Amino acid sequence: MANLKEIRNRITSVSSTMQITSAMKMVSAAKLKKAQDAITAMRPYADKLTQLLQSLSATLEGDSGSKYADQREVKNVLIVAITSNRGLAGAFNSNIVKEAKTIAAGFQGKKVDFFTLGKKGNDILKKTHTIAENNNDIFEDLNFENVSVIAEKLMELFTSGKYDKIILVYNQFKNAATQIVAKEQFLPIVPMETTELAPSMKNQDYIFEPTKEEIVEQLIPKSLKTQLFTGIRDSVASEHGARMTAMHKATDNATELRDALKLSYNKARQASITNEILEIVGGAEALNN
């Protein structure tokens, strides 16, 4: 059995770790509330904008001619992996890396590159795959303008013909304990089939000003920027939820370990006192004899 000093050192170490994980849990909980409110407020707008764009695209006669809807033979693929800059968030980053690698494996014979947003994903993927570009700074000042710059870069990579398909992979926020790995095709855009349109779009004859085609062309870039911004917002909220859950479990485990060590310490201390008493009694009896 370890001596008393070793057990005391371990108790001190575990208690210190427990304080750190508990503090990290509270910080993540505070950040989660803000991130959750942001994505919850944004989703209805993003969903409605996407629905409107798809509905308008589906009602166009013939090809809308959009350069963002160009369906080419897929030879070059770009996977946008959205992770985080920090760890200690359970399987948050590893799930994205795993899904991204699975998607890449599905394009055998094609050239597959990665565009990483987040340090953790970049650190892992660069060991086995080609990283076209990495951006870690986006999370330091997350706003629509900064995300728009990245979205425009992705749109340029597609329209220039460098990549024929661009896919987003990120964690979609469900609740603090659950994150869903989402995979979305970013480019080319896929118009909704006419049969999928809501009755309000099928049966109504709208007057468009300017033309329907011009409206679609103006909405597409905005919709793509919003799609990317929503994905990153989802990822941020998921990160804080995953870290809060991971730190909660770590704190519980540290508490259990500390209690077990205290029990071991008390047993060892009791055994030590008992031995000392026995030695005193034995010494006293020896003197009496």
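Draft legend 1. Expanded view of helix α4 (residues 144–159). The terminal C-alpha atoms of α4 lie 22 Å apart, and with 16 residues this matches the ideal 22 Å at 1.5 Å per residue to within 8%. Turning to α4, its buried residues are Val-147, Ser-148, Ile-150, Ala-151, Leu-154, Met-155, Leu-157 and Phe-158. Those residues of α4 that are buried lie in contact with β1 (76–82), β2 (111–117), β3 (130–135), β4 (165–175), β5 (178–187) and α6 (212–288). Looking at where α4 begins, the residue whose side-chain oxygen comes 3.2 Å from the main-chain nitrogen of Glu-145 is Asn-143. Backbone geometry just after α4 places Gly-161 at a positive phi near 90°.

Draft legend 2. Looking closely at the sheet that holds β4. Spatially, β3-β2-β1-β4-β5 is the arrangement adopted by the 5 strands of the open sheet, whose pairing is mixed. Sheet topology places β3 and β5 at the edges, where each strand pairs with a single neighbour. Geometrically, the sheet is characterised by an average inter-axis angle of 20° between neighbouring strands, direction not taken into account. Looking at chain direction, β4 and β5 are connected through 9 bridges and run antiparallel. Paired with Phe-173 across the two strands is Gln-179, which belongs to β5.

Rules and cut-offs
Residues numbered from 1 in each chain as written. Predicted model: local features only at pLDDT ≥ 70, side-chain atom pairs only at ≥ 80, totals over all residues. Heavy atoms only, no water. Helix = DSSP H or I, 4+ residues; strand = E, 2+ residues; numbered from the N terminus. Expected span 1.5 Å × (residues − 1). Buried < 20%, exposed > 50% of the residue type's maximum accessible area, 1.4 Å probe, protein only. Contact = heavy atoms within 4.5 Å. Polar contact = N/O pair within 3.5 Å; in protein donor to acceptor, adjacent residues only side chain to side chain. Pairing = 2+ DSSP bridges. Axes fitted to C-alpha atoms, helices over the stretch in contact; angles between N-to-C directions.

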